[in-house]
Amino acid sequence: MPRAGDVAHPWVMDRIETLLAAMTLDEKIGQLNMVTSHYAVTGPVVAGDSTEGIRAGRIGNLLNHWGAAAVRDIQRVAVEETRLGIPLLLGFDTVHGQRTIFPIPLGEAAAFDPALWEATAREAAIEAAEDGLAMTFAPMLDVARDPRWGRIAEGPGEDPLVAARIADAKVRGFQGADLAAADAVAATAKHFVAYGAATAGRDYASADISERTLNEVYLPSFAAAVAAGVAAVMPSFNDVAGMPMTAHVPLLRDWLRRTLGFEGVIVSDYDAITELVRHGIAEDVVAAAALALNAGVDIDMMGDAYARGLAPALAHGLVTMATIDASVRRVLRLKERLGLFEDPYRRGAVPDAGRRTARRALAREAGRRSVVLLSNRGDVLPLRSGLRRIAIVGPLADARADMRGSWSAAGEATDPVTILEGTAAALPQAQVAHAPGVAIEGGDRDGIPAALEACRDADVVLLCLGEAAAMSGEASCRADPGLPGEQRALAEAVLALGKPVVVLLSCGRPLTVSWLVARADAVLVTWFLGSEAGNAIADVLTGAFNPSGKLPVTWPEHVGQVPIFYGQRPSGRPANPADHYTSKYLDLPVEPLFPFGHGLSYGRFTLSSLGASPAEIGPDGAIEVSVEVANEGERAGETVVFLFIRDPVASVARPVLELKDFTRVALAPGERTTVRWSLPVAALSFLGPDLQPVLEPGRFVLLAGQSAERAALLSAEVTLAG
Ligand code: BGC
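Criteria and thresholds
- Residues numbered from 1 in each chain as written.
- Predicted model: local features only at pLDDT ≥ 70, side-chain atom pairs only at ≥ 80, totals over all residues.
- Heavy atoms only, no water.
- 1 Å grid on protein atoms, 1.4 Å probe; cavity = no way out; pocket = protein on both sides within 12 Å on 5 of 7 lines; lining within 4 Å.
- Points joined across faces, edges and corners; volume = space filled by probe spheres on them.
- Helix = DSSP H or I, 4+ residues; strand = E, 2+ residues; numbered from the N terminus.
- Nonpolar A, V, L, I, M, F, W, Y, C, P; charged D, E, K, R; others polar.
- Pairing = 2+ DSSP bridges.
- Buried < 20%, exposed > 50% of the residue type's maximum accessible area, 1.4 Å probe, protein only.
- Core = buried A, V, L, I, M, F, W, Y, C linked by side-chain atoms within 4.5 Å.

### Topic: empty space enclosed by the protein
Counted by the stated rule, this structure contains four cavities of 30 Å³ or more. For the largest cavity, the calculated volume is near 170 Å³. Counting residues per element, the ones that place at least two in the lining of the largest cavity are α5 (105–109), α6 (114–130) and α7 (160–175). If you tally residues by element for the lining of the largest cavity, the top one is α6, at four residues. Its residues assigned to classes, the lining of the largest cavity comprises 14 nonpolar, four polar and three charged.

Here it is in structure tokens:
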């Protein structure tokens, strides 16, 4: 009988085929099974002890089991105590860090920095691999345009191009150059697809979107992940127009596998195959297992559908052995690509202490690059260096564990630097008074007087407000995404003191706080920045770092405006306050509080002289676009310049703006530079009435700016010859 680790004999041409030939049906199904090991509970079903199942060959993969020794022990059971010795695949949600936690993905998206996105994924992978893991359930690539949906925190924000760039950077970061390397982990592009389009922003709800929107908005990030070589894809919990993604033949088998040629593993989401019964498309787990397998889902995560349903499905002719074999082959092939057959213990190395220091520095750098300065009246920021007294109040000031955000992985609750600690350390000359005032949630206002007392002698107040980490992320949707609990009461009382007030918003989504923005001197979005949160925030407050983060998502004024995003279609009756019969509200503006891309720095960057050539172009080649950028401020700093297009006349109404590129620019005070893009003419194409790509002759407007605020964009035109 062949064993997995056997050196190939000359007559054994292919380890995987040899193993397959030797496997019983139960062993095959075992390879398609992934269960949790109790270390972390990330869903409703909790399995019993899995060791016996592993030994019997019924469990071939684990999630939520980490730590070099723990992984080695369980791997030894699979390799030494099972009949065929096939190593386990161990996966975990190392989404924005393993032990060192980086900013939540929505926050890191604000950095608009592909090199940074890749670097944090690389470090997270190294730490995950040190913990014995070979797979991460990341990156999360769900475009989201509704801040009620809690999982907006985990993803790239509202824009398909940004999502695609993040996909590329993260896959390369997690997987490295060689998946078999001891510090590489298999990435999983999730959640496929349109999960962020959940009806009314409610997690797990149906997504009912047009095929056009699916293709233009939700699929590109997954196409980018596949192009970058992603090892795995996870279908989402939702249905798209009635077809649950876990059984979606047209998207999983036809689009992902056939059109894109994806040959990796499709791993279900947690219990999602069994949930096909509750979706109402399967009578029982047997039918559910058959639907998922036939759609191309290889691994059943945490359900028992494959374990209980596949054998009867085979017996009843609902699936074939060939289909089962194809899935087993893909799983074994991934194990082989990860180098697990050669050396199942290659991950789990002793951590490199030197690297830990550098990783911490990267977490701080990522943190400060993710901060978005929304407003700064009278230049209250950066804080004056001679500041004598400062009050740091609010329930997020000392909320250590919350700084980790939605996926804390193996990051310890005691690990992050709080805002209070970071700021106090950065201002050694200042006396710091602190009181939380109120809790994040709940109706107790008794602490407000103590907070006001802490503010009494302060030269400036840092008001640390927002959400608990657990208020965004999975199953954490909020119909009213404002400040929870009594935080508004605290803020009103502090603002009434008439002191300079700087608000720091810890949040996993845009919060509807226009009343606060109108009255505070400065507002910073600090998301959940991870292990180095407090130090990163202090760097921005003191001016040691000039803020450069830009909103990856439109910031609504009111929840009644959502879904809200910059790439809307024009309407035949665009909003006009002077004309009743136009596309607007009677009781709210249509404009957001802050547009996509908004984010101030200490100083001023200006754009001028947008040029696009040639003025007339054929169907091949590229448009050379250039724009002058100047730092007119007194500090060195960075900004992001966005390149949009507008197709004013097309056979299908095109969005008012479409992002085509973005570039980060670093400039010394007084310095100027020219940003250049070479935009392929193909970037002007779109999906025509028949949903096939088409390049239509005519005028195109190129627009450049530092946000999607249309009035502030520079524009130039080119004509595509017929
Ligand atoms: C989430 C996934 C996650 C999985 C495993 C599910 O509930 O939707 O994002 O990867 O659990 O923890």
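### Thoughts on the sheet that holds strand β3 (residues 89–92)
Read from one edge to the other, the open sheet built from five strands follows the order β4-β3-β2-β1-β10, with strand pairing classed as parallel. For this open sheet the edge positions go to β4 (135–136) and β10 (300–301), each flanked by a neighbour on one side alone. Bridging between β3 and β4 involves two bridges; their strand directions are parallel. Among the inter-strand pairings, Phe92 is bridged to a residue of β4, identified as Thr136.

### Some words on the pairing of strand β19 (residues 622–631)
Across the ten residues of β19, seven count as buried, placing the element largely inside the fold. Pairing between strand β17 (residues 605–613) and β19: seven bridges, direction antiparallel. From the neighbouring strand, Ala612 faces β19, where its bridge partner is Val625. Note: β19 against strand β22 (residues 672–680), nine bridges, orientation antiparallel.

### Considerations on the nonpolar core
Membership of the largest hydrophobic core comes to 200 residues, with the highest contact counts inside it found for Phe192 and Leu505. Here this core gets eight residues from one element, more than from any other, and that element is helix α12 (residues 285–295). Ranked by size, the runner-up nonpolar core spans 26 residues in total, among them Ile645, Val665, Val675 and Leu702.

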